[in-house]
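Below, each chain spelled out in residue letters.
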Amino acid sequence: MKMICCRFNLEMPQLEVSDFQKIEHIRRSIQKRKEPLALIIDDAQNLSHDALGALLRLTLFQQAPAKMQVVLLGLPLTLDRCKKLCQELQLQQSFSQGAIKPWDAAQTESYIIKRFSESGLQSSKRVCRRTCRQIHQLSGGVPMQINRRSNMM
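Reading the values: rules and limits
- Residues numbered from 1 in each chain as written.
- Predicted model: local features only at pLDDT ≥ 70, side-chain atom pairs only at ≥ 80, totals over all residues.
- Heavy atoms only, no water.
- Helix = DSSP H or I, 4+ residues; strand = E, 2+ residues; numbered from the N terminus.
- Buried < 20%, exposed > 50% of the residue type's maximum accessible area, 1.4 Å probe, protein only.
- Contact = heavy atoms within 4.5 Å.
- Areas by Shrake-Rupley, 256 points an atom, 1.4 Å probe, with all protein chains shown as cover.
- Core = buried A, V, L, I, M, F, W, Y, C linked by side-chain atoms within 4.5 Å.
- Pairing = 2+ DSSP bridges.
- Salt bridge = Lys/Arg side-chain N within 4 Å of Asp/Glu carboxyl O.
- Arc of directions from axis to C-beta.
- Patch = residues over 30% accessible without salt bridge, like charges linked within 9 Å, V, L, I, M, F, W, Y side chains within 5 Å.
- Expected span 1.5 Å × (residues − 1).
- Polar contact = N/O pair within 3.5 Å; in protein donor to acceptor, adjacent residues only side chain to side chain.

Comments concerning the overall build of the protein
Now for step 1: If you tally the helices and strands in the protein, you get seven helices and two strands.
Now for step 2: In sequence order, the protein lays out its α and β elements as α-α-β-α-β-α-α-α-α.
Now for step 3: Burial statistics for the protein: of 153 residues in total, 31% are counted as buried.
Now for step 4: Taking the contacts inside the protein whose residues are at least 6 apart along the sequence as the reference set, 63% of them involve residues at least 24 apart.
Now for step 5: Accessible surface, the protein as shown: approximately 10600 Å² in total, 52% of it carbon and sulfur.

Digging into the nonpolar core
Now for step 1: Counting residues in each nonpolar core, the largest one holds 22 residues, and the members touching the most others are Ile-4, Leu-10, Ile-26, Leu-39 and Met-68.
Now for step 2: Counting residues per element, this core draws most heavily on helix 3 (residues 49-60), which supplies six residues.
Now for step 3: Residues in contact with Leu-39, not counting those within four places in the same chain, are Ile-4, Phe-8, Leu-55, Met-68, Gln-69, Val-70 and Val-71.

Thoughts on the pairing of strand 1 (residues 37-41)
Along a regular strand, successive side chains alternate from one face of the sheet to the other.
Now for step 1: Side chains of strand 1 alternate between two faces, with Leu-37, Leu-39 and Ile-41 buried and Ala-38 and Ile-40 left unburied.
Now for step 2: Across five bridges, strand 1 lies against strand 2 (residues 68-72) in parallel orientation. Note on strand 2: the bridge partner recorded for Leu-39 is Val-70.

What about the pattern of salt bridges?
Now for step 1: Counted by the stated rule, this structure contains one salt bridge.
Now for step 2: Its salt-bridge partner being Glu-109, residue Arg-129 comes within 3.1 Å of it at the nearest N-O pair. Of this pair, Arg-129 sits in helix 6 (residues 129-139) while Glu-109 sits in helix 5 (residues 105-118), and the two are 20 residues apart along the sequence.

A closer look at helix 7 (residues 143-152)
Now for step 1: Buried within helix 7 are the following residues: Gln-145, Ile-146 and Ser-150. Angularly, the buried residues of helix 7 cover 135 degrees about the axis, an arc narrow enough to put them on a single face. For helix 7, the exposed residues lying more than 90 degrees away from the buried face are Asn-151 and Met-152.
Now for step 2: Buried residues along helix 7 sit against helix 5 and helix 6.

With respect to the side chain of Gln-45
Now for step 1: Among the secondary structure elements, Gln-45 is positioned in the loop between strand 1 and helix 3.
Now for step 2: Its relative accessible area of 14% is what places Gln-45 among the buried residues.
Now for step 3: Sequence-distant contacts of Gln-45, defined by excluding residues within four places in its chain, comprise Leu-73, Gly-74, Leu-75, Leu-77, Thr-78, Arg-81 and Met-144.

Section: the side chain of Thr-108
Now for step 1: Positionally, Thr-108 belongs in helix 5.
Now for step 2: Once residues lying within four places of it in the same chain are set aside, the contact partners of Thr-108 are Trp-103, Cys-132, His-136, Gly-141 and Ile-146.

Examining the environment of Met-144
Now for step 1: Tracing the backbone through its elements, the reader meets Met-144 in helix 7.
Now for step 2: Expressed as a C-alpha distance, the spacing of Met-144 and Gly-74, which sit 70 residues apart in the sequence, is 8.7 Å.
Now for step 3: Apart from the residues within four sequence positions on either side, Met-144 is in contact with Asp-43, Gln-45 and Leu-75.

Some points on a nonpolar patch on the surface
Now for step 1: Together, Ile-40, Val-71 and Leu-73 make up an exposed nonpolar region whose accessible area comes to about 250 Å².
Now for step 2: The partly exposed category is assigned to Val-71, whose relative accessible area is 38%.

A look at helix 5
Now for step 1: The first and last C-alpha atoms of helix 5 sit 20 Å apart over 14 residues, in line with the 20 Å expected at 1.5 Å per residue.
Now for step 2: Taken together, the buried positions of helix 5 are Thr-108, Glu-109 and Ile-112. Taken around the axis of helix 5, the buried residues stretch over an arc of 100 degrees, which confines them to a single face. Those residues of helix 5 that are exposed and angled more than 90 degrees off the buried face are Ala-106 and Glu-118.
Now for step 3: Residues of helix 5 that are buried make contact with helix 6 and helix 7.
Now for step 4: N-capping of helix 5 is provided by Asp-104, with a side-chain oxygen placed 3.2 Å from the backbone N of Ala-106.
Now for step 5: One or two positions beyond helix 5, positive phi appears at Gly-120, with a value near 110 degrees.

Put into structure tokens, the structure is as follows:
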């Protein structure tokens, strides 16, 4: 909540009020704005249970017209966590969702070679095809995981 207030120049709610009242205060402040907001969070799987719950309450309890759009980018477990939290919070509304398809082995290999060439490696022959296949297998073709596995090399 503090991050959202700071980022969008909103007045921070008083510390002694309940979380529900803080969220309601922020939601009302967002509704008063003339222009809509877009909040994009990368690696959303790293959000705490409380932070994810607060984001869901802020976005799903909006009145029309919606002034705040939240985009969560992350691993598929993020979607599972959102669905579970909606059940816990007894939210009847649904949210838009999409999935980025993982890359196949060839796409993974070309991405790794491109990253190596950007880092100054002159010849891609140094990159073993077997290593690229192993990185693909371990990462599942998810770009964030490919980066993580490649950085570990």
